Amino acid sequence: MTVEQQEMLPLFLARMGKTIIRPGGMTMTNELLEQCHLNEQTTILEVACNIGTTAIHLAKKYGSKVVAVDLNPQIVAMAQDNIGKHGASNLVSVQQGDALSLPFEDSRFDVLINEAMLTAFAPEMRTQALAEFSRVLKPGGVLVTHDLLHIEPQSTLTDNEIPAEQLDEKRWRSYYEASPFEIMEMKTGDLRLFSFIGILQDEGITGLIRILQNIEDNEEDQQRFIDVVQNFDDRRKIVGSIAFISKNQK
């Protein structure tokens, strides 16, 4: 199978039963969300929602109404099914949408959440996405982002499974400083994505067993999952996680 024929990583992981794709793990995400003062009146947009895990969590914990979008129609279908299974359809809706041209009117949302997406964008796309985030957020609205952090500038990160530009803290800051957003807080941490401990913390023992069961009968899936875990493990000393809470200044 060629790289072009290979199933996209987010779809592969969703099919394997990986419900959470957060560079710094669920702990970092939850620490950020706690600072957003979410409640039943908060309108939230999640961009690149994967199968809706974060959106469901927000609806159940805070009672907030969440709109979720993802570019991949197969992911959207999986998210719709997941939302229904968790009984969250009254608070969470999901649709196909492009982060560079969001299908919403200006100034609609109080909070926008985006995780593990900007990392994979080309520079001009990253700038465009931040501008689009600002457009759909209300003035003073809050942006929460969570991405990969490159710790050693001389090392190599990009490969077929991790199409990430090498962005250290200074370069990440430069994108926000050139955008309509003001950085309110920044957090950095270890890379927990795909480590055994990270999977166990994010998915729990039941989730880990589910993933192992999903790959046990397919040697190709087994090998790819092992390769993904190994790729991230090999980079754990040179790659971490970085998250920003920013205020829309438009």
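Refer to the structure printed above.
Below: a short report on this structure. Throughout this description, residue numbers start from 1 for each chain and increase along the sequence as written. This being a predicted model, a pLDDT of at least 70 is required before a residue's local features are given, and a value of 80 or more before pairs of side-chain atoms are given or counted; all residues contribute to the totals for chains, interfaces and linings. With hydrogens and water stripped out, all remaining heavy atoms of the structure feed into the side-chain values.

Section: the overall build of the chain
Helices and strands together make up the secondary structure of the chain, namely eight helices and seven strands. For this measure, only C-alpha atoms enter the radius of gyration; the expected value for a globule follows 2.2 Å times N^0.38, where N is the number of residues. Computed over its C-alpha atoms, the radius of gyration of the chain comes to 17 Å, within 12% of the 18 Å expected for a compact globule of 250 residues. Referenced to the eigenvectors of the C-alpha coordinate spread, the extents of the chain come out at roughly 50 × 45 × 30 Å. Under the scheme applied here, a residue whose accessible area is under 20% of the maximum for its type counts as buried, over 50% as exposed, and between as partly exposed, the area being computed with a 1.4 Å probe on protein chains only. The buried share of the chain, taken over its 250 residues, is 50%. We call two residues contacting when some pair of their heavy atoms lies within 4.5 Å. Sequence separation of at least 24 residues holds for 78% of the intrachain contacts in the chain that already meet a minimum separation of 6. Each charge class in the chain can be summarised by its mean position, and for the 23 positive and 36 negative side chains these summaries are 6 Å apart. The helix count covers DSSP runs of H or I at least four residues long, the strand count covers runs of E at least two residues long, and both are numbered beginning at the N terminus. Note that His is not counted, nor are the chain ends; the positive residues are Lys and Arg, and the negative ones are Asp and Glu. To locate a charge, take atom NZ for lysine, CZ for arginine, CG for aspartate or CD for glutamate.

Some thoughts on the nonpolar core
Side-chain atoms within 4.5 Å are what join buried Ala, Val, Leu, Ile, Met, Phe, Trp, Tyr and Cys residues into a set we call a nonpolar core. Among the nonpolar cores identified, the biggest contains 27 residues, and L45, V47, L118 and F133 are the most heavily contacted of them. Secondary structure elements with two or more residues in this core: β1 (43-47), β2 (65-70), β4 (109-115), α5 (123-136), β5 (137-150), α6 (169-177) and β7 (239-248). The dominant element in this core, judged by the number of residues it contributes, is α5, at four residues. The contacts of L118, once residues within four sequence positions are left out, are R126, A129, L130, F133, T145, D147, W172 and Y176. Listed in part, the 26 residues of the second largest apolar core include M28, C49, L58 and I245.

Description of the pattern of salt bridges
A side-chain nitrogen of Lys or Arg and a carboxyl oxygen of Asp or Glu constitute a salt bridge if their distance falls within 4 Å. This model, assessed by the stated rule, comprises 11 salt bridges. E115 is paired through a salt bridge with R22; the nearest N and O atoms lie 3.6 Å apart. Of this pair, E115 sits in strand β4 while R22 is found in the loop between α1 (9-16) and α2 (25-34), placing the two residues 93 residues apart along the sequence. A residue is classified by how much of its surface remains accessible, and R22, at 3% relative accessible area, is buried. Where salt bridges share partners, they join E31, E185 and K187 into one cluster.

Structural notes on the state of the cysteines
Disulfides are covalent bonds that link the sulfur atoms of two cysteine residues. Cysteine sulfur atoms that come within 2.5 Å of each other are treated as a disulfide pair. The final tally for this structure, using the stated rule, is zero disulfides. Left without a disulfide partner, C36 is nearest to the cysteine sulfur of C49, which lies 18 Å away. What makes C49 buried here is its relative accessible area of 3%.

With respect to the environment of Q201
For Q201, the location among the structural elements is in helix α7 (residues 196-215). Each C-alpha atom of the pair Q201 and T27 lies 8.5 Å from the other, and the pair is 174 residues apart in sequence.

Notes on α5
Given the number of residues in a helix, its expected span is that number minus one, multiplied by 1.5 Å. The end-to-end C-alpha separation of α5 is 21 Å, in line with the 20 Å expected for 14 residues at 1.5 Å each. Within α5, burial applies to R126, A129, L130, E132, F133, S134 and V136. The inward-facing, buried residues of α5 contact β1, β4, β5, α6, β6 (181-190) and β7.

Observations concerning the packing of α2 against helix α3 (residues 53-62)
To get an axis, fit a line to the C-alpha atoms, keeping to the stretch in contact for a helix; angles then go from 0 to 180 degrees between the N-to-C directions. Between α2 and α3, the shortest axis-to-axis distance is 13 Å and the interhelical angle comes to 45 degrees. With respect to their mutual orientation, α2 and α3 come out oblique. Judged by the sense of rotation from one axis to the other, the crossing of α2 with α3 is right-handed. Contacts between α2 and α3 involve N30, L33 and E34 on the former and, on the latter, H57, L58, K61 and Y62. Tallied by class, residues from the contact of α2 with α3 come to three nonpolar, two polar and two charged. An angle counts as roughly parallel when it lies under 35 degrees, as roughly antiparallel when it exceeds 145, as roughly perpendicular when it falls between 65 and 115, and as oblique in every other case. The hand of a helix crossing depends on one turn: near helix anticlockwise from the far one by less than a right angle means left-handed, and clockwise means right-handed. Lys, Arg, Asp and Glu make up the charged group, whereas Ala, Val, Leu, Ile, Met, Phe, Trp, Tyr, Cys and Pro make up the nonpolar group; the residues left over, Gly among them, are polar.

Focus: the pairing of β4
Of all seven residues in β4, six are buried, a share of seventy percent or more. Summarising the sheet, β1 and β4 pair through four bridges and their orientation is parallel. Across the sheet, V47 pairs through a bridge with N114, a residue of β4. Pairing between strands is defined by DSSP: at least two bridges between them are needed. Of the pairings in the sheet, the one linking β4 to β5 comprises six bridges and is parallel in character. Following the sheet pairing, F109 is matched in β5 by L137. When the strands point away from the viewer, a crossover counts as right-handed if the path from the first strand over the helix to the second runs clockwise. Once you follow β4 into α5 and on to β5, the crossover reads as right-handed.

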